[in-house]
Number of protein chains: 4
Amino acid sequence: MTPFTDGATLQALLDVEVALAKAEAEVGVIPASSVADIAAAARNDYYDFAALHQESAGAGNIVIPLVRALTARVATINPESSRYVHYGATSQDIIDTALVLQLRSAVPVVQDSLTRAVNGAAALARKFATTAVVGRTLLQHAAPTTFGLKAAGWLDMMARCRDRMADALDQALVVQFGGASGTLASFGSAGMAVGEALARALALRLPEMPWHTHRDRLVNLAAAFGIVCGALGKIGRDLTLLAQSEVGEAYEAPAAGRGGSSSMPHKQNPVGAIAAVTAAVRAPGLVATMLAAMPQEHERAAGGWQAEWETFPELVRVTAQSADAIAQVLSALTVETVRMHGNVGLRGGVAMSESLVMGLSRHVARGDAMRIVERLSRTAEREGLTLGVVAGRDSEVAGRLSSSEIDNLLRPEDYLGAANEFVARVLQRWRL
Amino acid sequence: MTPFTDGATLQALLDVEVALAKAEAEVGVIPASSVADIAAAARNDYYDFAALHQESAGAGNIVIPLVRALTARVATINPESSRYVHYGATSQDIIDTALVLQLRSAVPVVQDSLTRAVNGAAALARKFATTAVVGRTLLQHAAPTTFGLKAAGWLDMMARCRDRMADALDQALVVQFGGASGTLASFGSAGMAVGEALARALALRLPEMPWHTHRDRLVNLAAAFGIVCGALGKIGRDLTLLAQSEVGEAYEAPAAGRGGSSSMPHKQNPVGAIAAVTAAVRAPGLVATMLAAMPQEHERAAGGWQAEWETFPELVRVTAQSADAIAQVLSALTVETVRMHGNVGLRGGVAMSESLVMGLSRHVARGDAMRIVERLSRTAEREGLTLGVVAGRDSEVAGRLSSSEIDNLLRPEDYLGAANEFVARVLQRWRL
Amino acid sequence: MTPFTDGATLQALLDVEVALAKAEAEVGVIPASSVADIAAAARNDYYDFAALHQESAGAGNIVIPLVRALTARVATINPESSRYVHYGATSQDIIDTALVLQLRSAVPVVQDSLTRAVNGAAALARKFATTAVVGRTLLQHAAPTTFGLKAAGWLDMMARCRDRMADALDQALVVQFGGASGTLASFGSAGMAVGEALARALALRLPEMPWHTHRDRLVNLAAAFGIVCGALGKIGRDLTLLAQSEVGEAYEAPAAGRGGSSSMPHKQNPVGAIAAVTAAVRAPGLVATMLAAMPQEHERAAGGWQAEWETFPELVRVTAQSADAIAQVLSALTVETVRMHGNVGLRGGVAMSESLVMGLSRHVARGDAMRIVERLSRTAEREGLTLGVVAGRDSEVAGRLSSSEIDNLLRPEDYLGAANEFVARVLQRWRL
Amino acid sequence: MTPFTDGATLQALLDVEVALAKAEAEVGVIPASSVADIAAAARNDYYDFAALHQESAGAGNIVIPLVRALTARVATINPESSRYVHYGATSQDIIDTALVLQLRSAVPVVQDSLTRAVNGAAALARKFATTAVVGRTLLQHAAPTTFGLKAAGWLDMMARCRDRMADALDQALVVQFGGASGTLASFGSAGMAVGEALARALALRLPEMPWHTHRDRLVNLAAAFGIVCGALGKIGRDLTLLAQSEVGEAYEAPAAGRGGSSSMPHKQNPVGAIAAVTAAVRAPGLVATMLAAMPQEHERAAGGWQAEWETFPELVRVTAQSADAIAQVLSALTVETVRMHGNVGLRGGVAMSESLVMGLSRHVARGDAMRIVERLSRTAEREGLTLGVVAGRDSEVAGRLSSSEIDNLLRPEDYLGAANEFVARVLQRWRL
């Protein structure tokens with residue numbers, strides 16, 4: 001699903017070694033004839049990732065045993081060419097550049113999922129732009145909003161996150177190339193030329209200088225992933241709440257083998273939404289690790305760089321799963337407008353209290369209106385009556401608001417303010 | 001130091017209430033005459049932050065008791081005007097917009113510190129562009145680099161972080177305005193006009209829709225702060241390592257009452273660098289909290305929003321302290337070039353081993369060159385001789401490299417590759 | 001509320017200085033007559049915390065300026081005695097020991113709140129031991145449980161957490177005393193005797209050796225605080241979910257000025273539960289910071305120790321607020337048994353599906369029973385009928401289960417298994 | 001290395017299913033004859049972990065497809081027995097109990113490594129109990145300590161951590177068994193008896209009640225792992241600092257293929273110490289995730305539980321690697337006493353400043369002594385002289401301290417205070 005399988009990681013490392021050889025040949029640092037030999041040996045299925053990973057514990061990183069193995073294989077093709085494997089580079093040049101290549105592949109996967117999710121949300125926003133649902137603040141009923149506006153809020157946030165990923169990725173698309181201490185000294189005066197050729201070969205930019213211990217670009221991209229997870233976690237949480245048996249306003253489309261229970265056959269668990277919540281619980285710790293790893297010592301880190309190796313790929317995997325899950329859910333959400341209509345009227349329709357206050361405020365001081373409507377709301381809830389009935393028979397309301405005025409004030413669909421306008425602005429902003 | 005003192009926070013909240021009244025008067029929602037009354041009461045020294053903070057625990061947030069107190073004070077000026085305090089708004093409109101105002105003030109403070117630090121680093125990069133220092137990878141001596149390149153690396157990273165803050169702040173400069181459930185329903189059809197006037201009054205943008213539970217812009221800015229802390233932490237760590245008694249290559253300028261010890265009078269502790277390391281330890285947890293708070297329920301959060309209240313200001317404070325500390329240190333760093341020269345030659349100058357390998361590789365296979373130089377290095381370290389002396393008398397080197405060739409290969413200042421070019425690129429990139 | 005106000009912190013530091021003087025006088029290291037002079041000057045209201053805090057940025061820590069100020073004040077009493085202020089100690093001896101003293105005061109505050117909360121939960125567990133409520137797994141209706149068992153689960157967890165705090169505190173009740181480098185060298189051969197006297201004076205244990213950079217005991221206690229927050233966060237989340245307008249099974253007792261809204265008078269927000277959720281969002285980052293700070297260099301840290309200073313007190317404050325909030329809520333929870341009864345029967349009572357499967361499994365293979373009941377559940381939900389009605393008229397059920405057998409199987413109060421037994425075990429375990 | 005490979009995880013799940021069947025047969029809930037059939041099918045090599053993992057995304061957890069596959073295989077042995085697979089249990093019963101089993105296997109692996117590390121440190125503490133090394137506070141030279149005391153500090157901390165793990169594991173050794181909603185309702189009145197039999201079969205305790213959403217025991221154990229990583233990170237950081245080329249006081253024993261460089265043959269990187277630092281960077285984020293996952297909803301979590309699945313095993317792996325690495329390093333550390341002796345005298349031996357202050361304080365006020373010695377130290381450092389020489393010719397010292405008194409005061413091995421006594425206390429505490 002993401003380009004962070006073991007095999008893809010191995011191939012990315014090998015791809016950088018090949019590009020390095022090409023760049024060096026282009027500049028004349030190594031013989032042109034060696035490039036094909038090195039390229040011929042640079043196939044991930046020739047090497048045993050698990051074994052290399054094991055060796056890396058003692059060696060310090062995976063490129064040390066990989067270069068050994070690659071060199072040995074090149075030597076079987078052409079001993080002369082084996083002298084030019086990994087020529088002048090340091091392990092971190094390879095590992096970091098390979099990571100950048102994998103991130104360049106991974107970000108569009110997440111972005112595509114986000115685009116599917118955005119489109120799903122846009123369809124919901126349009127379709128339910130005027131469908132009143134009860135607002136819920138601090139998990140309590142509040143003045144109504146629309147389901148379209150809920151969807152537009154999801155949409156807007158996801159679209160921003162998607163754009164932010166693009167920007168963060170762009171900043172990170174730089175080759176890592178500095179050699180042992182970041183000076184390219186082993187190339188004499190040819191270092192910059194090789195660097196430029198390497199960047200060209202990989203379609204990356206050559207940064208002003210190597211960034212072995214300057215990780216801000218990477219961590220900025222990691223943060224963008226983390227923010228995607230947080231944003232999708234909000235959507236996932238909303239969806240689990242909407243899908244509650246007592247609420248029942250929106251469900252993930254049922255599918256065979258999806259969201260069932262091993263003991264309760266009626267169950268349809270919101271597994272997609274839960275995947276997003278799960279990712280949102282995990283991402284903060286992963287991003288925090290990337291940040292905590294930033295104070296990297298001198299020219300190469302003693303711990304911080306190494307802490308990134310499993311953390312960033314895991315963050316990418318978690319984000320990709322979350323984005324795919326939400327894309328699936330929003331593309332085929334079952335929306336229950338009857339339940340929405342019913343819920344907004346629950347508990348006597350006290351969710352409309354603000355509207356009644358606004359109406360009464362034309363006649364009495366706002367503070368008095370607040371006190372009157374609080375009293376009416378408590379009565380309605382206690383006695384199981386609607387707020388309208390309670391208001392209609394109240395002596396403090398009588399003479400100020402007529403029965404039809406009360407009815408008008410308590411109609412949810414007439415108390416939606418700019419909801420529709422907001423939806424339109426969002427759709428227009430993203431040309432949807 | 002930052003705009004997150006209690007008094008500043010209180011004033012920011014009051015400023016938003018005043019701007020709201022102005023906007024509402026402009027649109028004709030409230031009487032124009034009330035604006036001056038509300039503004040007259042909106043001074044932070046009229047209110048007791050500690051008492052309001054205490055009340056907020058039960059009330060749910062600080063704006064509820066603040067609006068009560070503000071309304072009461074306005075009533076003493078003009079009872080009629082007191083009806084229009086906080087008119088149509090929800091607490092979160094005020095709290096979030098005030099936060100945005102404070103962040104708008106705070107970011108430039110950090111950026112100014114970063115600029116001072118960047119300038120300090122630029123001066124170091126220029127002055128020591130060709131001063132060889134030993135490279136250190138995994139805290140072990142490696143091929144040499146220059147002190148100028150170290151400083152250029154700090155500079156480049158800090159300048160990127162500064163720019164990234166600007167971008168993240170810009171994204172976050174949006175007013176929060178949605179009313180109870182985010183629809184502005186209490187304004188009838190006037191909501192958008194009030195929103196536009198409010199945004200104008202505060203010189204913020206009006207976003208496509210309210211963002212009460214869509215926190216990505218804020219968290220993106222929080223991440224930018226966190227990345228600044230991480231970047232400065234790298235500089236701080238480098239500085240503490242360079243200042244070690246055994247290394248002694250760079251010191252914070254001594255000052256009265258600075259970095260002393262209560263028991264050891266010789267002490268000059270690197271307190272500025274340590275402040276930056278401290279911030280880098282703290283920031284990841286604070287950013288993680290901001291990320292963890294993102295899944296906010298429906299139209300207003302039940303916990304997530306509230307978790308931001310103390311976390312983001314603390315992150316700003318920590319970052320501001322770190323940036324100021326590093327600005328001070330880099331503006332007046334004591335650099336010991338004699339020690340730099342001495343250190344690069346320590347342990348027989350084995351740090352130059354790569355150069356010797358490159359030289360020998362012209363005559364023997366690279367693998368053989370590696371083995372020979374490893375053996376020579378071990379001998380030099382064991383016998384307390386220089387690598388040059390050991391190489392000069394070695395039978396495998398003899399006949400391949402002359403004594404003067406060995407000397408040339410082992411001269412650090414001749415093995416600096418593109419260091420100077422990298423420094424120039426960095427300075428040019430930032431026009432320094 | 002907690003012993004981590006500025007004033008209390010200052011007094012704790014001064015208390016350690018006085019205890020040190022006492023211990024030194026007892027051993028004969030300083031004149032006995034100086035103790036009273038030092039004690040007379042050791043009152044927090046003599047010193048300006050804000051100013052000392054400001055100075056600490058340059059000095060490196062707060063004890064350096066505090067000792068200076070204390071010494072000056074002692075000198076005004078008796079110049080001779082001023083020579084013995086802070087005699088032989090290092091700043092960290094004072095700061096760490098003061099922290100331990102404050103933690104010794106703070107832990108019981110949290111434990112008392114937990115005990116109140118445990119008692120509140122115990123009362124609920126007993127009172128509602130047989131009150132059926134619908135189970136909710138992945139936020140979907142599941143087989144029923146009892147409200148008593150929910151409360152017992154909260155109780156059991158909180159009681160474990162409270163005991164764990166006691167154990168972690170006990171481990172941490174050790175004096176910090178090592179002098180400049182942790183050897184007590186400035187005391188010659190008297191160091192151990194002073195250490196023993198100091199520990200006695202403060203009623204702390206003398207550890208095997210100083211622990212300036214060995215923070216495991218402290219971090220273990222910090223983790224115990226964090227786990228309390230997590231546990232209370234689960235309770236807080238459950239309570240916010242139960243208080244949802246659509247669920248309505250339990251509410252925080254209303255009180256004046258509590259949980260209201262500035263615009264919607266019907267609102268009664270669950271502010272206590274939300275405080276607990278908020279703390280659970282914040283605590284992980286704070287605990288992570290304590291963990292991240294553990295790799296402290298050599299004999300005194302360059303960043304890690306300093307990162308603890310604001311983090312641990314904040315963690316204590318957050319935990320204390322959460323525990324107090326939950327104690328209040330659980331001591332006076334409004335429980336709506338009518339809603340509980342209603343909710344378990346929602347959606348046709350499909351929450352009882354497992355029970356029907358168990359009944360049918362006596363007649364058909366379990367897999368077949370699952371398929372039949374899934375079909376019945378879907379029909380019930382789609383047609384708005386009860387599961388009992390749908391089952392009663394189904395051809396696959398007919399002949400296998402009689403109408404009264406179906407009724408018995410679908411009665412929630414008869415499908416509660418060991419719930420009551422679990423409640424009893426929990427109450428017995430904690431002798432409640 | 002740890003019991004958290006895919007295969008071991010699968011087997012642990014299957015082991016719980018078998019134990020469940022045994023317990024149910026023992027109580028008479030299922031036929032005794034089915035146990036052997038289920039056991040025969042419960043071998044991990046019969047199932048495809050990757051495929052099950054894939055299916056789990058849609059199903060909600062891995063046990064749902066595993067039970068399906070297990071049931072199918074049992075059916076091929078005996079269709080009747082297939083009815084009793086996973087009988088009455090819920091997925092979480094299996095997953096949580098399997099995790100407990102794996103943790104029971106994993107903790108001793110870490111503890112064994114810690115014991116090896118403790119023994120290694122004990123040998124160092126004994127051997128170098130009186131070997132003076134310079135103290136280092138805030139990474140600056142401070143009064144001397146001993147290498148034995150450094151090692152004793154490591155030892156003491158690791159031994160405490162090891163014991164804490166034992167305690168935390170013991171608390172967590174409880175079976176998870178509650179069925180669909182935690183009431184064991186599907187067993188009628190036999191639930192408790194099955195639970196007791198299941199606990200017996202697995203040699204775990206039966207807790208007071210199921211703990212599906214009460215995760216404190218687990219998180220407490222996770223915190224214990226995290227604290228191990230932090231403690232080992234401190235040791236790793238100390239070792240990387242001691243191994244710095246300029247310090248050179250202790251090295252990891254060299255070994256073939258260990259800690260080399262692909263370009264610099266002189267390199268011997270401290271890969272073991274770095275592994276520990278790496279783990280200490282990663283663990284805080286993982287522990288924070290476990291804490292953040294604690295607020296789990298009602299009877300089964302919608303996100304929090306799921307976030308634990310990959311987090312806890314990763315934390316165990318990281319900790320196990322770190323403990324093994326430090327055990328290796330401390331068991332065969334190369335200690336350079338000559339360098340230790342040399343370093344303590346660096347920079348004119350100003351590290352002894354406190355001792356000179358103590359000596360002078362017998363003749364002048366302490367404040368004056370501090371000022372004199374600060375001046376002497378600066379002179380010594382500036383002029384490249386020893387503190388002794390500078391003191392000997394100083395007019396303020398002359399007449400107060402004789403030349404031999406100065407010499408005595410500045411002898412590191414005579415200024416070690418209680419260091420040896422501390423080492424003895426630590427060794428005795430742990431009977432080493």
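Predicted model, so just to flag it, every value in this text is computed and none were measured. (Residues numbered from 1 in each chain as written. Chains lettered and ligands numbered in written order. Predicted model: local features only at pLDDT ≥ 70, side-chain atom pairs only at ≥ 80, totals over all residues. Heavy atoms only, no water.)

A word on the overall build of chain A
Then, in step 1: Broken down by element type, chain A carries 18 helices and four strands.
Then, in step 2: For 432 residues, the compact-globule formula gives about 22 Å, and the C-alpha radius of gyration of chain A, at 30 Å, lies well above that figure.
Then, in step 3: Dimensions along the principal axes, computed over C-alpha positions, put chain A at roughly 100 × 50 × 35 Å.
Then, in step 4: Counting the 432 residues in chain A, one finds 68% classified as buried.
Then, in step 5: The contacts in chain A between residues at least 6 apart in sequence include a share of 76% that link residues at least 24 apart.
Then, in step 6: Carbon and sulfur atoms provide 51% of the accessible area of chain A, an area that totals close to 13100 Å².
Then, in step 7: In chain A, which carries 39 positive and 43 negative side-chain charges, the distance between the mean positions of the two groups comes to 6 Å. (Helix = DSSP H or I, 4+ residues; strand = E, 2+ residues; numbered from the N terminus. Rg over C-alpha atoms; globule rule 2.2 N^0.38 Å. Buried < 20%, exposed > 50% of the residue type's maximum accessible area, 1.4 Å probe, protein only. Contact = heavy atoms within 4.5 Å. Areas by Shrake-Rupley, 256 points an atom, 1.4 Å probe, with all protein chains shown as cover. Lys, Arg positive; Asp, Glu negative; His and termini not counted. Charge placed at Lys NZ, Arg CZ, Asp CG, Glu CD.)

A few points about the relation of the copies chain A and chain B
Then, in step 1: The transformation that overlays chain A on chain B combines an axial shift of 0.0 Å with a rotation of 180 degrees, and the residual RMSD is 0.0 Å. The symmetry that links the two subunits is that of a two-fold axis. Taking the C-alpha atom as reference, chain A places Ala288(A) closest to the rotation axis, 2.8 Å from it.
Then, in step 2: A share of 100% of interface residues in chain A that are also interface residues in chain B marks the association as one of identical surfaces. (Least-squares fit on C-alpha atoms with pLDDT ≥ 70 in both.)

Things to note about the relation of the copies chain D and chain A
Then, in step 1: Under the fitted operation, chain D is carried onto chain A by 0.0 Å of movement along the axis and a turn of 180 degrees, and the coordinates agree to an RMSD of 0.0 Å.
Then, in step 2: A shared interface surface links the copies, since 100% of the contact residues of chain D are contact residues in chain A too.

Observations concerning the packing of aromatic side chains
Aromatic ring pairs: the centre-centre distance and the angle between the two ring planes describe each pair.
All names here are of chain C.
Then, in step 1: Summed over all chains, the structure comprises 32 aromatic pairs over all chains.
Then, in step 2: With a centroid separation of 6.3 Å and 70 degrees between ring planes, the pair formed by Tyr 87 and Phe 187 is classed as edge-to-face. Taken as a pair, Tyr 87 in the loop between α5 (79-82) and α6 (91-127) and Phe 187 in the loop between α7 (147-172) and α8 (191-202) lie far apart in primary sequence, 100 residues in all. Phe 187 shares its class with Tyr 87; the two are buried. (Phe/Tyr/Trp six-rings, centres within 6.5 Å; stacked < 30°, edge-to-face > 60°.)

Here's the deal with the pattern of salt bridges
Then, in step 1: Under the defined criterion, the tally for this structure stands at 116 salt bridges over all chains.
Then, in step 2: The closest approach of N and O atoms between Arg200(B) and Glu26(B), which form a salt bridge, is 2.6 Å. One end of the pair, Arg200(B), is in helix α8 (residues 191-202); the other, Glu26(B), is in helix α1 (residues 6-27), and 174 residues separate them in sequence. By the burial criterion, Arg200(B) is exposed, and Glu26(B) matches it.
Then, in step 3: With its nearest N and O atoms 2.7 Å apart, the salt bridge here joins Glu308(D) to Arg215(D). (Salt bridge = Lys/Arg side-chain N within 4 Å of Asp/Glu carboxyl O.)

Details of the interface of chain D and chain A
Then, in step 1: The interface is formed by 36 residues belonging to chain D together with 36 residues belonging to chain A.
Then, in step 2: In this assembly, chain D packs against chain A so that about 2700 Å² is buried in total across both faces, 56% of it on carbon and sulfur atoms.
Then, in step 3: When the buried area of chain D at its contact with chain A is split by residue, Ser262(D), Val281(D) and Arg282(D) rank highest and sum to 18% of it.
Then, in step 4: Taken together, the links from chain D to chain A amount to zero salt bridges.
Then, in step 5: Counting across the interface, chain D meets chain A through two residue pairs in polar contact (both at pLDDT 80 or more). (Buried area = accessible area lost by both parts, 1.4 Å probe. Polar contact = N/O pair within 3.5 Å; in protein donor to acceptor, adjacent residues only side chain to side chain.)

Focus: the interface of chain A and chain B
Then, in step 1: Listed as interface residues are 89 residues of chain A and, on the opposing side, 89 residues of chain B.
Then, in step 2: Here chain A meets chain B over a buried area of about 7500 Å², counting both sides, of which 62% is carbon and sulfur.
Then, in step 3: Of all residues in chain A, Glu208(A), Met209(A) and His298(A) bury the most surface against chain B, accounting for 10% of the area lost on that side.
Then, in step 4: At the surface where chain A touches chain B, the tally comes to eight salt bridges.
Then, in step 5: Along the contact surface separating chain A from chain B lie 38 residue pairs in polar contact (both at pLDDT 80 or more).
Then, in step 6: Taken together, the elements giving at least two residues each to the side of chain A that touches chain B come down to β1 (132-137), β2 (140-146), α7 (147-172), α8 (191-202), α9 (216-242), α10 (271-292), α14 (353-361) and α18 (419-429) of chain A.

Concerning the packing of helix α6 (residues 91-127) of chain D against helix α11 (residues 304-331) of chain D
When two helices pack together, their arrangement is captured by the angle between the axes and the distance separating the axes.
All names here are of chain D.
Then, in step 1: With their axes 8 Å apart at the nearest point, α6 and α11 run at an angle of 20 degrees to one another. One finds that α6 runs roughly parallel with respect to α11. Classified by chirality, the crossing of α11 by α6 is left-handed.
Then, in step 2: Class assignment of the residues belonging to the contact of α6 with α11 gives a composition of 18 nonpolar, six polar and three charged. (Axes fitted to C-alpha atoms, helices over the stretch in contact; angles between N-to-C directions. Parallel < 35°, antiparallel > 145°, perpendicular 65-115°, else oblique. Left-handed = near helix turned anticlockwise from the far one by under 90°. Nonpolar A, V, L, I, M, F, W, Y, C, P; charged D, E, K, R; others polar.)

Some details on the packing of α1(B) against helix α6 (residues 91-127) of chain B
Residue and element names in this part refer to chain B.
Then, in step 1: At their nearest, the axes of α1 and α6 sit 8 Å apart, and the two run at 115 degrees to each other. With respect to the hand of their crossing, α1 and α6 are arranged in right-handed fashion. On α6, the residues that touch Ala 8, Thr 9, Ala 12, Leu 13, Val 16, Glu 17 and Leu 20 of α1 are Ile 94, Ile 95, Thr 97, Ala 98, Leu 101 and Gln 102.
Then, in step 2: Across the contact of α1 with α6, the residue classes break down as nine nonpolar, three polar and one charged.

Some words on the side chain of Ser355(D)
All names here are of chain D.
Then, in step 1: Here Ser 355 shows up in helix α14 (residues 353-361).
Then, in step 2: In this structure Ser 355 comes out as buried when scored by relative accessible area, which is 3%.
Then, in step 3: Those residues in contact with Ser 355, other than ones at most four positions away along the chain, are Leu 409 and Tyr 415.

Focus: the environment of Val27(C)
All names here are of chain C.
Then, in step 1: Residue placement: Val 27 occurs in helix α1 (residues 6-27).
Then, in step 2: Considered as a pair, Val 27 and Thr 131 are 104 residues apart in the sequence and their alpha carbons are 65 Å apart.
Then, in step 3: Setting aside its immediate chain neighbours within four residues, Val 27 contacts Ala 190, Ala 193, Val 194 and Ala 197.

Describing the pairing of β2(A)
All names here are of chain A.
Then, in step 1: Of all the seven residues making up β2, seven are buried; the element is thus mostly covered by neighbouring parts of the structure.
Then, in step 2: Where β1 meets β2, five bridges bridge the pair, whose relative direction is antiparallel. Looking at the pairing, Ala 132 lines up with Thr 146 of β2.
Then, in step 3: Between β1 and the antiparallel strand that follows it, β2, lie two residues; Leu 138 among them carries a positive phi value of about 55 degrees. (Pairing = 2+ DSSP bridges.)

With respect to the confidence of the model for chain A
Then, in step 1: For chain A, the average pLDDT comes to 96, and 100% of its residues sit at 70 or higher.
Then, in step 2: Per the prediction output, this complex has pTM 0.98; the corresponding ipTM is 0.97. (pLDDT = per-residue confidence, 0-100.)

Details of the environment of Arg205(C)
Residue and element names in this part refer to chain C.
Then, in step 1: Assignment of secondary structure puts Arg 205 in the loop between α8 and α9 (216-242).
Then, in step 2: In this structure, the C-alpha to C-alpha distance between Arg 205 and Ala 172, residues 33 residues apart in sequence, is 9.1 Å.
Then, in step 3: Separated by 2.9 Å, the side chain of Arg 205 and the backbone oxygen of Asp 170 make a polar contact.

Remarks on α8(C)
Spacing of three or four residues puts side chains on the same side of an α-helix, whose turn is 3.6 residues.
Then, in step 1: Helix length check: α8(C), at 12 residues, gives a terminal C-alpha distance of 17 Å against a target of 16 Å (1.5 Å per residue), a fit within 8%.
Then, in step 2: Burial in α8(C) covers these residues: Gly191(C), Met192(C), Val194(C), Gly195(C), Ala197(C), Leu198(C), Ala199(C) and Leu202(C).
Then, in step 3: Where α8(C) is buried, its residues touch α1 and α6 of chain C together with α18 (419-429) of chain D.
Then, in step 4: With its phi angle positive at about 55 degrees, Ala203(C) sits one or two positions after the end of α8(C). (Expected span 1.5 Å × (residues − 1).)

Focus on helix α6 (residues 91-127) of chain A
Then, in step 1: Between its first and last C-alpha atoms α6(A) spans 54 Å; for 37 residues at 1.5 Å apiece the expected length is 54 Å, and the two agree.
Then, in step 2: In terms of burial, α6(A) is largely enclosed, as 26 of its 37 residues are buried.

Overview of unusual backbone geometry
Excluding glycine, a negative phi dihedral is what most residues carry, and trans is how most peptide bonds are arranged.
Then, in step 1: One non-glycine residue, Arg431(B), adopts positive backbone phi at about 50 degrees.
Then, in step 2: Among the secondary structure elements, Arg431(B) is positioned in the segment after α17 (419-429).
Then, in step 3: The residue Leu139(C) is not glycine, and still its phi comes out positive at about 65 degrees.
Then, in step 4: Relative to the assigned elements, Leu139(C) resides in the loop between β1 (132-137) and β2 (140-146).
Then, in step 5: Look at Leu139(C) and you get buried, because its relative accessible area is 4%.

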